[in-house]
Each structure stands twice: as C-alpha cells, then as structure tokens.
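Residue strings, one per chain:
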Protein chains: 2
Amino acid sequence: MKLPDFKTEQWMNNYETKAKYNMTDTCVQPLTLQDLISMDTNHDLEKIKLDYGTITGDFRLKQGIVSLYQNGTIDNVTLTHGCLEANQHVMDTILEKDDVVVTFTPGYQQFVDYPKSLGCIVKEVPLIEENHWQMDFDQFQLVMEQQPVKMIIINSPNNPTGTLFEQDVMDFIILEAEKNKTWILSDEVYQGIGTDEVKISDIYEYGISTSSLSKLYSCAGLRLGWIKGNEEIIQRINVRRDYTMISTGPLIDTLGNIILEHKDELIERSVEIVKKNQEILSEWLQSHSKFSIEMPSSGTVGFLKYESSIRSTELAKFLLFDEGVFFVPGSCFDCENHLRIGFTAKHEDFAKGLELLGSWMESNG
Amino acid sequence: MKLPDFKTEQWMNNYETKAKYNMTDTCVQPLTLQDLISMDTNHDLEKIKLDYGTITGDFRLKQGIVSLYQNGTIDNVTLTHGCLEANQHVMDTILEKDDVVVTFTPGYQQFVDYPKSLGCIVKEVPLIEENHWQMDFDQFQLVMEQQPVKMIIINSPNNPTGTLFEQDVMDFIILEAEKNKTWILSDEVYQGIGTDEVKISDIYEYGISTSSLSKLYSCAGLRLGWIKGNEEIIQRINVRRDYTMISTGPLIDTLGNIILEHKDELIERSVEIVKKNQEILSEWLQSHSKFSIEMPSSGTVGFLKYESSIRSTELAKFLLFDEGVFFVPGSCFDCENHLRIGFTAKHEDFAKGLELLGSWMESNG
C-alpha cells in the first residue's frame, strides 16, 4: 500500500536537530526518566519482569485513562504505541476500499493520506481562517449528503490551526453522522488544558477518541497511546492488536501509571508553559503587524500567519540556517503564508525565537 | 480490513494466567528491569529525556543490530515495536490487493491471515512431519510456477514446528524467488542459539529479515523489534513509520543497547535453558511411547506429537484445569494430535509439567 512522504514528519526528521530555538515542537518540554522515578511511590519499577504483561494493557493504567473521560469502563479502552498508531488501528479496523472518509484541512496528513492508502475516497472540508479556523459548515453538510460516509476524522484541537471542535460544532457533526451511523474518529491528543474540550467517545455511540501521553503529559518517548470507544469496536481492535503489536509491555504501562497518578500537577505545569508563551506571542504581535494568529484556546500549537511574498518553505529554511530558529512551514500543510508555531519551548527561548523572527523579517521579508 | 481471531494469541490471552506449569512459553525466562540496570555501565538511564528520540532509531542500537548479521550498515535497519509489527510493516509496505503470497503451514497465523486481510491470495505449502518438518519441495515449486509470487514468507526457525530453513533449502527457495524478484520476508525472531541459522537479508537482495529482543534475549516487555533489508525498502518502510509509529523512543532504544552490548552472555544463558530442557524432554520421551517430537536444532519451540483420540483443544484444557499444565493445542495451528511445547521454563517446572502430562495421559488418554 503506497504512501507519499509525510511532509511535516519528514521536515522534522530532516531539520529539527539543527534547531537552536525550536518554535514548532508540539510536545510540552519532555520529562526525564528520573522525573518519573522521583514521582513514583507505589510501583516497584526495578522489579518489573519484562514479559508481554497484560495483553490489552495494565488494568490500573486503563482505569487511569478512563478517569480522563466522563464515562466508560476499562472495557472501553485499549492501548497502543502512541496516538498515531491508535489512529492507524482504528482506520485499519473499520475502513475498507472505496469507503468515503471526511476530514478537515489544513490538518494532519495522516487523516488524508492514510485512508487513501487503504483505497478510501477522502473528502476534505476546509477550515476557514477568516472564521476563526472553524469548518465550512455548508461544505460539510454538502459532502455528508452526497453519499454515505463511513468515517469522519477530527483532530480537536487541530494540528496546525488549533481549532477546538466545541460542543455546538460536535452536535452539528453528530446530527449528520448518526443518519448513517458514521464513525467519528477524534484525535484528542492535544486536549488537556482547555476548558471547552469535548471527547467524542463520551457523547456518541460511534465516536472513537484517541490520545496519548506525548503532548500535554510531556512523555512522547514512552510511545504510549490509547483508544476509547464502544466495547464492540474495542474488541475488534483487540483482535487486530494480536496481529500487529500484542501489548505495550509492563514497563511502559507502569510508567504510564505514574504519569496519570500525577496528571494534575503535569497538566498544571503544561498550562503554565503554554499560556505564558501565548502571552509572550500576543505581546510580540502588537509590535509586529506583518504577523497574526487565531490564538487557540486549547492544545499546544497554532498557525502563525505572515504577510510577505516569500514562500513558507524558503522562509523556514532561511530562519533555520540564518538564525537557528525552527518552524514547520505552512507548505507542509499545503497552506502558504503560515508557520506552525508550538507554545512549548522554554519562555526565554520562545521570546528569543520571536525576536529573531521579527528582525529577520524586517531585514528580508 | 477484517481479520479472524488469532487462535494462538487468543488461547494465550484466555488461559496463560491460569498456568502453574507453563510448557508453551516461546520467550526464555524474562529479565527484570533491575537485571538490565545492573548490566549497564555506559548509559545514564535516569537522565534520558522522554522525547521522540532519533526517529529511525538510536544509531548505536542500529549498529548493535547490524553486528548480528554478516553484512549491512545502519541504513539497512529500521526499528519497530516487536517483530510482529516489523512483519506488519513489511507486508503493508510491499503487498497490494490480489498479490500472491506463499507461506508454510503449520505456521504462525499472521503470515496467512494478515496478507489475506490486505486482499492477497495466500498459498500454503505444507511442512511435512514425516520429513523432519521440511517443506513439500514439489508443492513449493508448483505454486512458484503457477503465477508470479510477490512475497514468500518464512519463519526460521518456525513456530510451532521448529523447522530451521538451512542454507541448502534457502538456496532452493531463492532460486525460485529471483526469477520474478519475489520478496522473501523471513521472520528470524527464534534465531540466536542454533549453529546453521541463515539470515535472508545477508544473502538475497530482495530478502528482508525481521527479529526482536523478545525470545532469546528474554525481553518481550520492551517490544523492540527491527527490520533489515536493502536500503530502498528500508527507506519506504521509514516513510510508512511516519504515519504509524514515528519512533520506538529513547528509553526503549537505550535498554535495547544494553541488551545487545551483553548479547553473548544472554545467548549463553538461553542456550543453557533451552538445551537442558530439550534433554529433559528426550529422556522423558524414552519412557512415554505415546509421545514423539522432531527435536529442533534452533529456536525455543517444538511440536509435540501424541497418539490418542482426544482432540488437542480438549487435552490442553484438561491438562490446564486438572493439573495446571499449560500448552497451546495443535488446533490453534489447524493440526491435530499435537501440542506446542516451549523449552523456556525453569528446569524443575518443565520436568514436573512433563511428569503431570505423562500421568494424566496414562490415566485418561
């Protein structure tokens, strides 16, 4: 099954290590293993036997995951290696050749090109910058009416725009979806710090939530994600897991336990980091009129707009090689005149990166 | 994409925790995290930052993996979460609907039902017990001549029969394969302790070796596997990894490093455990004429034959519930009158399990 290059990931792979000021990282500053060990009071980490562990995932960890939602039991949850793999498992389990999939762009490339690789027809509904990056509602309704849709894929908050699909928008989407029992896969990996976040698996029978410990919990290196959905689909995904991964293993499960036992303090840390960087950006924008942003209410990323004739790929390369300032260009999302910005860096680095962006643009833009 | 239940894995999931004497475990007795920590002299484990790490895998780890082969560089290797996922990535990358796949049975169900789920035509060539579980050579040649074959899938040594595909057999297979540049995927996860082991990626341009640290290295819980193949296919698999897993993460990569830095002592430990259990079995067989086995020269599993009218599923259930003795029944491999036996248990447990099997059969068989 053929797949094109994943533009954002390739960009990160090729250039991220050259960054002095990483202005685009989606993960809040990573913890160390020592940070987790020092938080641990309940687990005998060193005694962990490195066998397959509990195949569908450690029970306490699954209880910890359930506690992030409004409803459900451990039978509504299964574990994966990260949220990306969670999405893959959901798509592989449900989608067949010629199925129609609806998703929103600019968005994460996995949601367009992965279903296409399975032979699906993917319809992209635009998110409109002029309307606070909300979707084109008419267009959405139109594609939903054209022919039966097997799956709607949402990323809430969305990478790169930061769009949060709030309750009223979700209600609108569900109203269309339930006519044909359309599955809604909602990648909620950027949730955690917003106040109006909606988790699809809490409110819709055919809604599947995916997430991980990578972004707001600062532990991408554990590669621990999960899927929450109705029991029947979790059971089908578990059948597939026997062919593809077996388990996430007792070490990672136990470290995941420690994180969720300390979720409140970790989220508090992330809120502080993200919100303060957003304040720094807002202040900087006041004196840099070529730039603007629809500031996200949730998540760790936004889509910084700039006015200039320079292409985003070139701009991002100049910034990196001239100044060590690293962004993902809008071109990776097929959307020019934008840079994806992450609010996760150390405050002083974030401020310095903005300063260098501003002065480079003033001299060259 | 639909998949049937994975019979062996389901059996393990349902019953393994009830075992008192686990006679079917494929992994040599697992290490603990403490075992790894106490082996470590070069790595500052606690300081590991839990970010994504090096996306295609830690360089030193990949060098350690390359050292297990006769040739290749780190560009011939990429990492996955276990060997099962390695196999999945290879199949997902290469196979398309209607491709013809050839594999050998009795064998691991992934190699039959996973390609079927991708829409492939799967042709099964039998392994013949009367011929030391070697393949039916005529049948193999016949299916290779019928129509172009996209991929041959080998498991060497094979689960459950223990068949090692030695040099002369490999040469025979490659001779057929190279006529149409047929890919050979060789799952070599059970290699490590045999003397005549052949790694397909060392000897054939379109040969892809997969393996992991689960079986002979006693660390299934790390879920660390890899793929070795030509640079072009590794590059294609790396593109796919961006959509499905990103990385294995720096913690697991570092622990993998420690294991491969101590590979000789770990393999020595596994040889001692497996060979001694095989001796215990050989001795036991001398006084239990209803049982026989083609003793494998490599790997951790074999296929124990018994003479009785009792079906293997029933036998395995009786043994478990009456005596706490746990086997995977031949029925999980569509092959009656057999039990899959692993040579990995503690010697006293292994001997006790055999004793209970013998006495149960004497009373009930």
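Please refer to the structure higher up on the page.
Predicted model only: the values in this text are computed from it and were never measured.

Just to check I follow, could you spell out the overall build of chain A for this structure?
The number of helices and strands found in chain A is 13 helices and 14 strands. Against the globule reference of 21 Å for 365 residues, chain A gives a C-alpha radius of gyration of 20 Å, in line with a compact fold. Counting only C-alpha atoms, chain A reaches 60 × 55 × 35 Å along its principal axes. The buried share among the 365 residues of chain A stands at 66%. Expressed as a percentage of contacts within chain A between residues at least 6 apart in sequence, the contacts between residues at least 24 apart total 71%. By element, 46% of the accessible surface of chain A is carried by carbon and sulfur atoms, the whole surface being about 13300 Å². Distance between charge centroids for chain A: 5 Å, based on 32 positive and 56 negative side chains.

Sorry if this is basic, but what is going on with the packing of helix 4 (residues 82-94) of chain A against helix 9 (residues 231-244) of chain A here?
Residues and elements named next belong to chain A. The N-to-C vectors of helix 4 and helix 9 enclose an angle of 105 degrees; their axes lie 10 Å apart at closest approach. By the angle class used here, helix 4 and helix 9 are roughly perpendicular. On helix 9, the residues that touch H89, V90, D92, T93 and I94 of helix 4 are I233, R236, I237, R240, R241 and T244. In terms of residue class, the contact of helix 4 with helix 9 is made up of four nonpolar, three polar and four charged.

Mind showing me how you'd approach the interface of chain B and chain A here?
One frequent convention defines the size of an interface as the accessible area lost when the parts assemble. Chain B puts 64 residues into the contact, and the matching count from chain A is 64 residues. Ranking the residues of chain B by area buried against chain A places B:M1, B:L50 and B:Y243 at the top, with a combined share of 18%. Summed over the shared surface of chain B and chain A, the number is two salt bridges. A:E96 is the partner of B:K2 in a salt bridge, and the nearest nitrogen-oxygen pair spans 3.5 Å. Ranked by the residues each element gives to the side of chain B that touches chain A, the list is headed by helix 9 (residues 231-244) of chain B, at six residues.

I keep staring at the nonpolar core and nothing clicks. Help me out?
Where a protein is soluble and globular, its nonpolar side chains tend to be buried together. Of all hydrophobic cores here, the largest spans 250 residues; its most connected members are A:I152 and B:I152. Not counting residues up to four positions away in its chain, the partners in contact with B:I152 are B:V102, B:F104, B:F140, B:M144, B:I173, B:A177, B:T182, B:W183, B:I184 and B:L185.

Quick question: what am I supposed to make of the pairing of strand 6 (residues 151-155) of chain A here?
Taken residue by residue, a regular strand's side chains alternate between the two faces of the sheet. Residue and element names in this part refer to chain A. Burial within strand 6 is extensive, with five of its five residues counted as buried. Residues M151, I153 and N155 line one face of strand 6 and the alternating positions I152 and I154 line the opposite face, and both faces are buried. Across three bridges, strand 3 (residues 100-105) lies against strand 6 in parallel orientation. Looking at the pairing, T103 lines up with I153 of strand 6.

Explanation requested: the sheet that holds strand 2 (residues 77-80) of chain B in the structure shown.
The strands that make up a sheet are held in pairs by hydrogen bonds between backbone atoms, and each pair lies either parallel or antiparallel. All names here are of chain B. Pairing within the open sheet is mixed, and its eight strands lie in the order 2-9-8-7-6-3-4-5. The outermost strands of the open sheet, each flanked by one partner alone, are strand 2 and strand 5 (134-135). Across six bridges, strand 3 (residues 100-105) lies against strand 4 (residues 121-128) in parallel orientation. Looking at strand 4, one finds that V100 is bridged to I121. Of the strands in this sheet, strand 3, strand 4, strand 5 and strand 6 (151-155) are in contact with helix 6 (residues 137-146), which crosses strand 4 at around 165 degrees.

For this particular structure, what's the right way to read the pairing of strand 11 (residues 301-306) of chain A?
All names here are of chain A. Taking burial as the measure, the six residues of strand 11 include five buried ones, the bulk of the element. The sheet contact formed by strand 10 (residues 291-292) and strand 11 spans two bridges and is antiparallel. Bridge pairing in strand 11 places S292 opposite K305. In this sheet, strand 14 (residues 338-342) lies alongside strand 11 in antiparallel orientation, the contact comprising five bridges. When the sheet's bridge partners are listed, G302 is paired in strand 14 with I341.

Where do I start with the sheet that holds strand 10 (residues 291-292) of chain B in this structure?
All names here are of chain B. The strand order across the open sheet formed by four strands is 10-11-14-13, and the pairing between neighbours is antiparallel. Of all strands in the sheet, those bounded by a partner on one side alone are strand 10 and strand 13 (328-329). Contacting strand 11 (301-306), strand 13 and strand 14 (338-342), helix 12 (residues 312-323) crosses the sheet at an angle of about 50 degrees to strand 14.

What counts and what doesn't
- Residues numbered from 1 in each chain as written.
- Chains lettered and ligands numbered in written order.
- Predicted model: local features only at pLDDT ≥ 70, side-chain atom pairs only at ≥ 80, totals over all residues.
- Heavy atoms only, no water.
- Helix = DSSP H or I, 4+ residues; strand = E, 2+ residues; numbered from the N terminus.
- Rg over C-alpha atoms; globule rule 2.2 N^0.38 Å.
- Buried < 20%, exposed > 50% of the residue type's maximum accessible area, 1.4 Å probe, protein only.
- Contact = heavy atoms within 4.5 Å.
- Areas by Shrake-Rupley, 256 points an atom, 1.4 Å probe, with all protein chains shown as cover.
- Lys, Arg positive; Asp, Glu negative; His and termini not counted.
- Charge placed at Lys NZ, Arg CZ, Asp CG, Glu CD.
- Axes fitted to C-alpha atoms, helices over the stretch in contact; angles between N-to-C directions.
- Parallel < 35°, antiparallel > 145°, perpendicular 65-115°, else oblique.
- Nonpolar A, V, L, I, M, F, W, Y, C, P; charged D, E, K, R; others polar.
- Buried area = accessible area lost by both parts, 1.4 Å probe.
- Salt bridge = Lys/Arg side-chain N within 4 Å of Asp/Glu carboxyl O.
- Core = buried A, V, L, I, M, F, W, Y, C linked by side-chain atoms within 4.5 Å.
- Pairing = 2+ DSSP bridges.

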